[in-house]
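Geometric and topological summary
Next come the chains, spelled out residue by residue.
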Amino acid sequence: VQLQASGGGLVQAGGSLRLSCAASGRTFSSYAMGWFRQAPGKEREFVAAIDWSGGSTYYADSVKGRFTISRDNAKNTVYLQMNSLKPEDTAVYYCAAADRLGNTEYEYDYWGQGTQVTVSS
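None of the values given here were measured: they were computed from a predicted structure.

**Regarding the side chain of Ser-20**
Inspection of the secondary structure assignment puts Ser-20 in strand S3 (residues 17-23). On the basis of relative accessible area, Ser-20 is assigned to the buried category, the value being 18%. Leaving out residues up to four positions away in the same chain, Ser-20 has contacts with Gln-4, Ala-5, Ser-6, Trp-35, Thr-77, Val-78 and Tyr-79.

Now the structure itself:
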């Protein structure tokens, strides 16, 4: 499966953005999907994940209550709604696909190219 992330940009603290990740291939609905992020000088970290059906979701503590992951299998797309953004959310955001729900990058086999999110204070 090929993944294309979009929706990043520059936003003020407290604002919102919605990231999208469009997938190619007819097997999208069989994959769990995740979002990860990497800030300058830091390792890539888990943000959120959703199972194949959308029935189970998992969030990093740092974004819980502010970010929402969702998916539309008919559109082969997964979303990350980001509210109450903070400067520390600034990073390149990546979407990824895995055979099962997980929170480590090693569990994900397919990766998108990343989209930059910058939150100004």
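Structure's up, so let's keep going.
**Describing the nonpolar core**
Counting 36 residues, the largest nonpolar core has Met-33, Trp-35, Leu-80, Met-82 and Tyr-93 as its most contacted members. Of all the secondary-structure elements, those providing two or more residues to this core are strand S1 (3-6), S3, strand S4 (32-38), strand S5 (45-50), strand S7 (67-72), strand S8 (77-82), strand S9 (91-98) and strand S11 (115-120). With 6 residues, the top contributor of residues to this core is S9. Leave out the neighbours within four places in its chain, and Met-82 touches Gly-15, Ser-16, Leu-17, Leu-19, Arg-66, Phe-67, Tyr-93 and Val-117.

**Considering the packing of aromatic side chains**
Counted by the stated rule, this structure contains 6 aromatic pairs. Seen in terms of ring centroids, Phe-36 and Tyr-108 are 5.1 Å apart; in terms of plane orientation they differ by 75°. Their pairing is edge-to-face. One end of the pair, Phe-36, is in strand S4; the other, Tyr-108, is in strand S10 (residues 108-111), with 72 residues separating them in the sequence. Tyr-108 carries the same exposure label as Phe-36, and that label is buried. The ring of Phe-28 carries the charged tip of Arg-71 above its face, separated from the ring centre by 4.5 Å.

**Section: the pairing of S3**
Where burial is concerned, most of S3 is hidden: 5 out of the 7 residues are buried. As paired strands, S1 and S3 are joined by 4 bridges and run antiparallel to one another. Note that in S3 the partner of Gln-4 across the bridge is Ala-22. Where S3 lies against S8, 6 bridges are found, and the strand directions are antiparallel. Among the inter-strand pairings, Leu-17 is bridged to a residue of S8, identified as Met-82.

Scoring rules and cut-offs
Residues numbered from 1 in each chain as written. Predicted model: local features only at pLDDT ≥ 70, side-chain atom pairs only at ≥ 80, totals over all residues. Heavy atoms only, no water. Helix = DSSP H or I, 4+ residues; strand = E, 2+ residues; numbered from the N terminus. Buried < 20%, exposed > 50% of the residue type's maximum accessible area, 1.4 Å probe, protein only. Contact = heavy atoms within 4.5 Å. Core = buried A, V, L, I, M, F, W, Y, C linked by side-chain atoms within 4.5 Å. Phe/Tyr/Trp six-rings, centres within 6.5 Å; stacked < 30°, edge-to-face > 60°. Lys NZ or Arg CZ within 6 Å of the ring centre and 35° of its normal. Pairing = 2+ DSSP bridges.

These figures capture arrangement, not role.
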